Amino acid sequence: MVAAEQETGENETAILATLDECADAEDWIVGLQARPTAGSFTSYTRAEAIDFLDLACIRRIDAAVCIDAAERGHLTFELDDPRLPDLQVPHP
C-alpha cells in the first residue's frame, strides 16, 4: 500500500500489485484503510474498502487476496465468470 500511495497519476498498476503483496483479504482491507490515498480517497470505511477490493479483483482474479476475498463472500462476481479473462492484467 505504501508504493500505491506514493504513485502519482494513474495508480492501477501499483494498487493491483498490492493484491500480490498482502497476505489475505483482511490484510488488504485493513491496509487500504490505513493508507487510503493508495486508492485515491482520504479515508475508507470497511464497506468502501471491500467494494474497492471487489473492483480490483475484477482485474486480478488469480491473486491470493482475491481468492480469499471470494471465499469470504466479499466479491460480487464468481471467479470463473467467463467474461473476466479479457480483463486480466498480467503479473508485473
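The coordinates are above.
Quick caveat: nothing in here was measured; it's all calculated off a predicted structure. (Residues numbered from 1 in each chain as written. Predicted model: local features only at pLDDT ≥ 70, side-chain atom pairs only at ≥ 80, totals over all residues. Heavy atoms only, no water.)

A.B. asks: Now, about the overall build of the protein: what can you tell me, with residues and values included?
C.D. replies: Along the protein, the regular secondary structure elements total five helices and zero strands. Along the protein, from the amino end to the carboxyl end, the secondary structure elements read α-α-α-α-α. In terms of C-alpha radius of gyration, the protein reaches 12 Å, essentially the compact-globule figure of 12 Å for 92 residues. Counting only C-alpha atoms and orienting by the principal axes, one finds that the protein spans roughly 35 × 25 × 20 Å. Across the 92 residues of the protein, 40% fall into the buried class. At a minimum sequence separation of 6, the contacts of the protein that also span at least 24 residues come to 55%. (Helix = DSSP H or I, 4+ residues; strand = E, 2+ residues; numbered from the N terminus. Rg over C-alpha atoms; globule rule 2.2 N^0.38 Å. Buried < 20%, exposed > 50% of the residue type's maximum accessible area, 1.4 Å probe, protein only. Contact = heavy atoms within 4.5 Å.)

A.B. asks: Talk me through the state of the cysteines; I want residue IDs and the actual numbers.
C.D. replies: Across all of its chains, the model carries one disulfide by this definition. Here Cys-57 pairs with Cys-66 through a disulfide, and the sulfurs are 2.1 Å apart. Taking the sign of the S-S torsion, about -90° here, the bridge from Cys-57 to Cys-66 comes out left-handed. For Cys-57, a relative accessible area of 0% translates into the label buried. In this structure Cys-22 is a free cysteine whose sulfur lies 10 Å from that of Cys-66, the closest cysteine sulfur available. Among the residues examined, Cys-22 registers a relative accessible area of 13% and is labelled buried. (Disulfide = S-S within 2.5 Å.)

A.B. asks: Break down the packing of helix α2 (residues 12–21) against helix α4 (residues 46–59) for me, citing the residues and quoting the values.
C.D. replies: At a closest axis distance of 10 Å, the pairing of α2 and α4 adopts a crossing angle of 95°. The pairing of α2 with α4 is recorded here as roughly perpendicular in orientation. Of the residues in α4, those in contact with Glu-12, Ile-15, Leu-16 and Leu-19 of α2 are Phe-52, Leu-53, Ala-56, Cys-57 and Arg-59. For the contact of α2 with α4, the per-class residue count stands at seven nonpolar, no polar and two charged. (Axes fitted to C-alpha atoms, helices over the stretch in contact; angles between N-to-C directions. Parallel < 35°, antiparallel > 145°, perpendicular 65-115°, else oblique. Nonpolar A, V, L, I, M, F, W, Y, C, P; charged D, E, K, R; others polar.)

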